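Now for the letters of each chain:
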Amino acid sequence: MDRKIEKVLVEARGVNKHYPNFCDLKNISFSFDVGKSYGVLGPRNSGVTGLLRLIYCTAFSDKGEVMVLGYNAKNQPREIKSIVGVVPDALSLEEDLTVIEQLTVFGKFYDLAGPVVQNRARELLQQMELGGLEGYSTRHLSLFQRKKLCLARALLHQPQLLVLDEPTKGLTSNDKKWFLQMLQFVQKANINLVIGTSNYGDALELCDYILFLHNGRVIEQGEAKSLLTNIVGTTVIDFQSPPAEVEYQLAKFSNSYEVFIVDNRVRIFFKEGQDIKEALTKILSDNIITRKPNLDDIFVKLIGHSLEQKPWATT
Amino acid sequence: MGDNLRGLARDLWFLPKLRVGAFNVWSHYFLVFRQAPLINFFWVSVEPLVYLFAIGNGVGSLVAEVNGVSYFEFFFPGLLAISVMITTSYETTYGTYNRAYFSKTFANLFLTPISSMDLLLGEILWAVFKGLLSALTVVLVLYVDKYLSLGQLFSLLGASVLLCWFFSSLGLFITSIVGSSESFIYYQSGFLIPMAMLCNTYFPMTNYPETVQALIKILPLSQGVFLFRAIMEGRFELSFYLAVLYFLILSFLFTNWSLQRMSKKIETLV
């Protein structure tokens, strides 16, 4: 198969998709370029998995088009699948196979010769620190080992694009760090990443560009680095207030600043050049935090509540 | 209604492409199959042989003759058809359902460069293979026991392919319409087992009144048993070729129909 030099990694034009078992996608359009890493960020059941599935072609759009590296997802799913590696959210590994078989069996589907697959599989297992577990049955692996095995499997055929769904979900902080470092290593090998996540820390660490999804719609997108300052500002003051005074605080600051209420805490967003010290003198609270904005603030601003709150909310 | 039927006819009228992906799916299942050869040996081979000797020889010794042949010779074409039917039907009902919803095999394989058609045709290929394995054991034992000539052995295997294809596509179709794996009971106890008991297998059809005979005759297992008996008796008349046609046409339709329906379901698997 000839590999064209494509500039566009993934493009979606007016994509609609109905899923019976998760969030529907509504009129999604975006364009991702080759050479950058992309994050698709959203709270639980906001359509992230549904969108990723359209990219790696295990589902197909009802309306609109998805193009991946120049191939049309509807007409050329097999071409796309042969250059895309996937680490799905549900870590679908086959329980009856051993660790090494999990990889070699997959290799067959990519037209790779037996010895090539064997070598590459062993190499990848070493890299994933799974060496020595080759003959182990998959059912005895821990979650972290499963994640690593899934990543190894996704890299087996040297894909041009790696799609990961919730790569660090359920991992301990140490394992998470290891996994993120491994993904940065993958990035350096010129493999494009598209990551679906509800964890904004991961997205910031790995992605150049972020697409925000909520209830199956794109609600915001932009460069990961400038997005925070553009939407939120340079600094956030986050302080606790007695429940009865929340409304009063809102009234007091909302004339001059952007103010949001999250539970019993008040968040004030400061733009470039706004006087933080002056605002601080007006705040009466024994629990004040001054910090850099994070992606949670973006969600508070865009959808009115924090990511951790109300994952079931449908607005 | 007319439009619906026309739409359905349009949906069903295509030639499914058997690509290398389907064979990869098959070889994947073969690898898993090899992990537990003994389980499969008991299920696919030992069970039909036990039936063959318990009913064919045991019960057969109480019966003098049926239609001019010994009961054993009357019974084994029926048993061959039953074991082919049960093995393939199991594979594309419970087996497919399990691979699709519980063991994550579908979700897994569907990440590789295959289309949903490849995946489903792989299922059918696999079921056909397993059905043939079952047929092969029965036929080989009969051959060793000198009940069959080599020509009959291969003819029986050839006809088994038809039955395997038919029952695997019908099973896949049933899988595409059930809501849960419990519902297979309707198909199993309401269709397969009654056919296994009544369709000219354990006793000749001439025991029924004529109208019932006509009804029983159109059931697929009766047609299968008819094929096998015709091969054993060397009667290759028009009705033999009609039975072959019956299987070819129905298998083709059920294959396409189940491919259409299951492809949509695969998109929702996680």
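Just above, that's the structure.
Here is what the cut-offs are and how they apply
- Residues numbered from 1 in each chain as written.
- Chains lettered and ligands numbered in written order.
- Predicted model: local features only at pLDDT ≥ 70, side-chain atom pairs only at ≥ 80, totals over all residues.
- Heavy atoms only, no water.
- Helix = DSSP H or I, 4+ residues; strand = E, 2+ residues; numbered from the N terminus.
- Contact = heavy atoms within 4.5 Å.
- Areas by Shrake-Rupley, 256 points an atom, 1.4 Å probe, with all protein chains shown as cover.
- Axes fitted to C-alpha atoms, helices over the stretch in contact; angles between N-to-C directions.
- Parallel < 35°, antiparallel > 145°, perpendicular 65-115°, else oblique.
- Left-handed = near helix turned anticlockwise from the far one by under 90°.
- Nonpolar A, V, L, I, M, F, W, Y, C, P; charged D, E, K, R; others polar.
- Pairing = 2+ DSSP bridges.
- Buried < 20%, exposed > 50% of the residue type's maximum accessible area, 1.4 Å probe, protein only.
- Phe/Tyr/Trp six-rings, centres within 6.5 Å; stacked < 30°, edge-to-face > 60°.
- Lys NZ or Arg CZ within 6 Å of the ring centre and 35° of its normal.

(A) Spotlight on the overall build of chain A. Helix and strand counts for chain A stand at eleven helices and 14 strands. Residue pairs at least 24 apart in sequence account for 69% of intrachain contacts in chain A once pairs closer than 6 positions are excluded. Summing over all exposed atoms, chain A offers an accessible surface of approximately 14,100 Å²; the carbon and sulfur share of this is 49%.

(B) Fine view of the packing of helix H3 (residues 37–58) of chain B against helix H4 (residues 71–102) of chain B. All names here are of chain B. It is the contact of H3 with H4, at a shortest axis distance of 10 Å, that shows an interaxial angle of 155°. Looking at the two axes, H3 sits roughly antiparallel to H4. The crossing of H3 and H4 is right-handed. For the pair H3 and H4, the contacting residues are Trp43, Val44, Pro48, Tyr51, Leu52, Ile55, Gly56 and Asn57 in the first and Tyr71, Phe72, Phe75, Phe76, Leu79, Ser83, Ile86, Thr87 and Tyr90 in the second. Grouping the amino acids of the contact of H3 with H4 by side-chain chemistry returns 13 nonpolar, four polar and no charged.

(C) Examining the sheet that holds strand S7 (residues 161–165) of chain A more closely. Residue and element names in this part refer to chain A. Ordered in space as S6-S7-S8-S3-S9-S10, the six strands form an open sheet in which the pairing is mixed. Each end of this open sheet is capped by a strand with a single partner; those strands are strand S6 (84–87) and strand S10 (217–223). On average, each strand axis in the sheet is tilted by 15° relative to the strand beside it, whichever way the strands run. Bridge count for strand S3 (residues 38–41) against strand S8 (residues 192–197) is four bridges, and the pairing is parallel. Bridge pairing in S8 places valine 40 opposite glycine 196. Against the sheet, helix H5 (residues 143–155) engages S6 and S7, with an angle of about 170° to S6. Its contacts with the sheet place helix H11 (residues 295–303) against S3, strand S9 (209–214) and S10, and it is angled at close to 45° to S9.

(D) Structural view of unusual backbone geometry. Residue asparagine 215 of chain A is not a glycine yet carries a positive backbone phi of 50°. Its identity as a non-glycine residue notwithstanding, lysine 104 of chain B has a phi of 65°, on the positive side. Following the sequence through the fold, lysine 104 of chain B ends up in the loop between H4 and helix H5 (105–109).

(E) View of the environment of glycine 216 of chain A. All names here are of chain A. Within the fold, glycine 216 resides in the loop between S9 and S10. Here glycine 216 falls in the buried class, since its relative accessible area comes to 0%. In sequence terms glycine 216 and serine 226 are ten residues apart; their C-alpha atoms lie 24 Å from each other. The residues contacting glycine 216, other than those within four sequence positions of it, are Cys23, Asp24, Leu25, Lys26, Ile28 and Ser46.

(F) Main features of helix H1 (residues 48–55) of chain A. Residues and elements named next belong to chain A. Buried residues dominate H1, accounting for seven of its eight residues. For H1, the complete set of buried residues consists of Val48, Gly50, Leu51, Leu52, Arg53, Leu54 and Ile55. Where H1 terminates, the next one or two residues include cysteine 57, which has phi positive at roughly 60°.

(G) Representation of helix H3 (residues 99–109) of chain A within the structure. Within H3 of chain A, ten of the eleven residues are buried, which leaves it mostly tucked inside the rest of the structure. Among the residues of H3 of chain A, Val99, Ile100, Glu101, Gln102, Leu103, Thr104, Val105, Phe106, Gly107 and Phe109 of chain A are the ones counted as buried. Lining the buried residues of H3 of chain A we find helix H4 (114–127) and H5 of chain A together with helix H2 (20–35) and H5 of chain B.

(H) Focus on the packing of aromatic side chains. The final tally for this structure, using the stated rule, is 44 aromatic pairs over all chains. Judged by centre distance (5.3 Å) and plane angle (5°), the rings of tryptophan 26 of chain B and phenylalanine 30 of chain B are stacked. Placement of the pair is tryptophan 26 of chain B and phenylalanine 30 of chain B together in helix H2, with a separation of four residues, close to one helical turn. For phenylalanine 30 of chain B, a relative accessible area of 24% corresponds to the partly exposed category. Three or more aromatic residues joined by ring pairs make a cluster, and in this case those are Phe166, Phe167, Phe173, Tyr246, Phe247, Phe254 and Trp257 of chain B. Directly above the aromatic system of tryptophan 178 of chain A lies the positively charged group of lysine 148 of chain A, at a separation of 4.8 Å from the ring centroid. Taking NZ or CZ as reference, arginine 153 of chain A lies 4.4 Å from the ring centre of phenylalanine 106 of chain A, over its face.

(I) Examining the sheet that holds strand S2 (residues 25–33) of chain A more closely. Residues and elements named next belong to chain A. The strand order across the open sheet built from four strands is S2-S1-S4-S5, with neighbouring strands paired in antiparallel fashion. The open sheet has two edge strands, S2 and strand S5 (71–72), and neither has a second partner. By the bridge criterion, two bridges tie strand S4 (residues 63–68) to S5 in an arrangement that is antiparallel. Note that in S5 the partner of valine 68 across the bridge is tyrosine 71. Most of the contacts of H1 go to S2, to which it runs at about 55°, and overall it touches strand S1 (8–17), S2 and S4.

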